[in-house]
Amino acid sequence: MTRQQLTPPAGVLVAIDVAKARNEVLIEVPGSGRRRRLSVLNTRAEHDRLIALLSDLGQPVTCGFEATGNYHRPIAWRLLQAGFAVRLISSVGLARTREALHNGWDKNDPKDAQVMLHMIRIGASQVYHDPLAAGINDVQELSKTHDAVSKAKTEVLHRILTHYLPLYFPEVDRFRHNSRSDWFFAFLDRFPTPACITTLSKEAFIAAAWDVVGRKVAKAQLLGDIYETARSSIGLPVPPDAPAVSMFRLVIGEARGLIQQRDAIEATADALLTDSSDYKLLRRIPGIGPINALTILAEAGDLRRFGHHRQFLKFCGLDLATQQSGTFRGQTKLSKYGNARLRRTLWLAGQVAIRQRENGFRDKFERYIARDRHNADLRRKALTAITAKMARVVHAVIKTGADYRPFVEGPVPGGRTPLSRAVRA
């Protein structure tokens with residue numbers, strides 16, 4: 001969460017090359033002919049020593065570092081609390097600048113500190129926004145944990161679909177319609193193989209599975225179809241009490257546990273953000289549900305700090321870039337140099353929005369692909385345009401504090417609003 005920073009005012013410049021165990025620090029004091037270099041261990045006493053040393057200089061201090069995993073977070077927090085200006089340096093920018101200054105790819109911690117100091121001096125850095133200081137640390141942790149749990153659940157689901165079901169009950173996969181639902185895994189936990197079903201009569205099976213499958217339309221017909229499918233299954237004839245089936249149930253239990261964790265995180269996030277005005281505004285935009293709103297707030301922070309929507313588009317990596325040299329001009333593409341999780345969230349939200357009945361996103365998508373609906377390249381470009389529109393709408397809604405409007409009423413030459421557009425609005 002950063003914004004562009006011009007050359008810092010006169011004062012002490014500090015470059016910190018962050019690592020897991022220790023940090024290489026390079027200090028430049030105005031008027032001093034030599035820079036001071038020191039190593040600072042990641043301990044409370046060493047951090048206190050560095051802060052005391054910088055405070056004793058009696059001048060404004062600007063500290064800069066490259067984000068390194070999460071190892072930079074504790075020392076950055078301490079520096080902010082000490083009243084120092086803290087800057088974030090791009091990893092890509094650092095690598096390119098190092099190659100340009102030293103004419104080679106050689107890399108080490110002292111050299112990185114020198115390059116960081118140069119970038120701070122010329123203003124090639126960004127203001128560091130600490131999540132804890134900004135009050136979004138809890139939101140970020142909920143979002144990242146939800147993402148990790150969802151990926152783990154998807155991995156387990158793929159393991160079930162590609163390994164266990166082809167062995168023991170291949171035909172049951174056609175009854176799985178929603179990856180978010182727990183009933184399918186609960187059913188497999190109760191009836192992991194066709195033999196577990198066919199040992200019962202049809203009526204007995206329907207009675208045993210009635211509460212397992214949850215609330216379904218035509219539940220008796222569904223269970224009857226599953227029973228007939230089990231009777232003609234090609235699954236391996238493994239006994240229900242075999243160790244292999246126990247392993248199958250173990251993996252199913254893991255999937256159900258991850259679903260419970262995901263649901264608990266979603267409930268916690270909704271309770272945490274229920275009073276947030278930004279969260280309520282985002283939820284009114286088509287395609288943005290609780291998790292998409294959570295991710296946007298976690299990754300973008302306060303969107304009001306972006307003065308123009310183009311700044312937010314660049315932050316998301318949705319700005320356009322073209323390689324041009326002489327008479328050659330390459331194809332214009334997305335830069336994709338911004339926040340990847342935020343860009344993915346906006347892409348998914350756009351895909352959901354165009355499938356809803358009546359909103360500006362679907363209207364734009366339909367107009368974009370009208371000349372050739374079956375052109376895959378045109379549809380891909382249309383989805384990209386919808387993603388950028390989603391980013392602009394998100395920024396505008398948060399910045400203005402106004403609710404999302406599906407359509408904007410436009411005047412006609414007679415001075416009146418067209419009836420069709422007024423009705424849609």
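Residues numbered from 1 in each chain as written. Predicted model: local features only at pLDDT ≥ 70, side-chain atom pairs only at ≥ 80, totals over all residues. Heavy atoms only, no water.

- An unreviewed UniProt entry lists the protein under the name Transposase, from Methylobacterium phyllosphaerae.

**Some words on the UniProt feature "domain: Transposase IS110-like N-terminal" (unreviewed entry) in the protein**
Next up, step 1: Feature annotation in UniProt places "domain: Transposase IS110-like N-terminal" (unreviewed entry) on residues 14-170, given in this structure's numbering.
Next up, step 2: With 54% helix and 20% strand, the stretch residues 14-170 has end C-alpha atoms that lie 62 Å from each other. (UniProt positions renumbered as here; feature names shortened; annotations may be inferred. Helix = DSSP H or I, 4+ residues; strand = E, 2+ residues; numbered from the N terminus.)

**Considering the packing of aromatic side chains**
Next up, step 1: Overall, the coordinates contain twelve aromatic pairs when judged by the stated rule.
Next up, step 2: Ring geometry for Phe187 and Phe205: centres 6.2 Å apart, planes at 80°, overall edge-to-face. Residue Phe187 is found in helix H7 (residues 183-190), and its partner Phe205 is found in helix H9 (residues 202-209); the two are separated by 18 residues along the sequence.
Next up, step 3: Relative accessible area serves as the criterion here: at 1%, Phe187 is assigned to the buried category.
Next up, step 4: We classify Phe205 as buried; its relative accessible area is 0%.
Next up, step 5: Taking 5.5 Å as the distance between ring centres and 55° as the angle between the ring planes, the aromatic pair formed by Phe306 and Phe312 counts as tilted. (Phe/Tyr/Trp six-rings, centres within 6.5 Å; stacked < 30°, edge-to-face > 60°. Buried < 20%, exposed > 50% of the residue type's maximum accessible area, 1.4 Å probe, protein only.)

**Here we look at the layout of surface pockets**
Next up, step 1: In this structure, the second largest pocket spans a volume of roughly 600 Å³.
Next up, step 2: Taken together, 20 residues make up the lining of the second largest pocket; nearest its centre are Leu320, Lys333, Leu334, Thr384 and Ala385.
Next up, step 3: Those elements giving two or more residues to the lining of the second largest pocket turn out to be helix H14 (309-316), strand E11 (333-334), helix H15 (340-353) and helix H17 (376-400).
Next up, step 4: The greatest single-element share of the lining of the second largest pocket, amounting to six residues, is contributed by H17.
Next up, step 5: Of the residues belonging to the lining of the second largest pocket, the class tally is eight nonpolar, four polar and eight charged. (1 Å grid on protein atoms, 1.4 Å probe; cavity = no way out; pocket = protein on both sides within 12 Å on 5 of 7 lines; lining within 4 Å. Points joined across faces, edges and corners; volume = space filled by probe spheres on them. Nonpolar A, V, L, I, M, F, W, Y, C, P; charged D, E, K, R; others polar.)

**Thoughts on the confidence of the model for the protein**
Next up, step 1: Chain-level statistics for the protein give a pLDDT mean of 88 and a share of 93% at 70 or above.
Next up, step 2: Per-residue pLDDT, averaged within each element of the protein, yields its smallest value for helix H18 (residues 419-424) (46) and its largest for helix H1 (residues 44-55) (96).
Next up, step 3: The model gives residues 419-425 a pLDDT under 50, and that stretch makes ten contacts with residues more than four places away or in other chains. (pLDDT = per-residue confidence, 0-100. Contact = heavy atoms within 4.5 Å.)

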